[in-house]
Amino acid sequence: MATKFTPLHDRILVRRIEEGETTRGGIIIPDSAKEKPQEGEVVSVGKGKINEEGKVRPLDVKDGDRILFGKYSGTEIKLDNEDFIIMREEEVLGILSGAAKRETAGSRK
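Now for a quick tour of the structure. (Residues numbered from 1 in each chain as written. Predicted model: local features only at pLDDT ≥ 70, side-chain atom pairs only at ≥ 80, totals over all residues. Heavy atoms only, no water.)

1. A short note on the overall build of the protein
Okay, step 1: Per the secondary structure count, the protein includes zero helices and eight strands.
Okay, step 2: Helices and strands in the protein line up, N terminus first, as β-β-β-β-β-β-β-β.
Okay, step 3: Scored against the burial criterion, the 109 residues of the protein give a buried share of 32%.
Okay, step 4: Considering only intrachain contacts with a sequence separation of at least 6, the fraction spanning at least 24 residues in the protein is 68%. (Helix = DSSP H or I, 4+ residues; strand = E, 2+ residues; numbered from the N terminus. Buried < 20%, exposed > 50% of the residue type's maximum accessible area, 1.4 Å probe, protein only. Contact = heavy atoms within 4.5 Å.)

2. Re the pattern of salt bridges
Okay, step 1: In total, this model carries 10 salt bridges according to the counting rule given.
Okay, step 2: One salt bridge connects E82 with R15, and the closest N-O pair in it is separated by 2.7 Å. With E82 in strand β7 (residues 82-88) and R15 in strand β1 (residues 11-16), this residue pair connects regions lying 67 residues apart in the sequence.
Okay, step 3: Classification of E82 as buried rests on a relative accessible area of 19%.
Okay, step 4: Linking K78 and D83 is a salt bridge whose minimum nitrogen-to-oxygen distance equals 3.7 Å. One exposure class covers both K78 and D83, and it is exposed.
Okay, step 5: The network of salt bridges with common partners includes D10, K49, R88 and E90. (Salt bridge = Lys/Arg side-chain N within 4 Å of Asp/Glu carboxyl O.)

3. Description of unusual backbone geometry
The phi torsion of most residues other than glycine is negative, and most of the peptide bonds are trans.
Okay, step 1: Positive phi outside glycine occurs at D80, with the angle close to 50 degrees.
Okay, step 2: Mapping D80 onto the fold places it in the loop between β6 (75-79) and β7.
Okay, step 3: At N81, a position not held by glycine, the phi torsion is positive, near 60 degrees.
Okay, step 4: If you trace the backbone, N81 turns up in the loop between β6 and β7.

4. Considerations on the side chain of D65
Okay, step 1: Tracing the backbone shows D65 in the loop between β4 (56-57) and β5 (66-69).
Okay, step 2: A polar side-chain atom of D65 sits 2.9 Å from the main-chain amide nitrogen of K62.
Okay, step 3: The residues contacting D65, other than those within four sequence positions of it, are G40, E41, V42, D60 and I95. (Polar contact = N/O pair within 3.5 Å; in protein donor to acceptor, adjacent residues only side chain to side chain.)

Keep in mind that these numbers describe shape and distance, not what the molecule does.
This is the structure we're talking about:
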């Protein structure tokens, strides 16, 4: 990514991770029939949320984490012709650990 983007406060920048292109039976699923994946990789995080006392609470997610998020979470943005989602940390449903690496949405050619 050539453009440097740093989210503010409790926001995170996420790159979607694509689902498989075929079913178990070998049927190829066209792009128009696929749902957008709800799994992604954290690319960049903000400094944290400011509490009532004015102190910054660091985020639980960090760069490189694999996360799950809701179907309608965040706002889609485009940086350097690549699609990303920017969302608040509270929209993250959980962090995946030990998951096999999948192809990211922007890495397919």
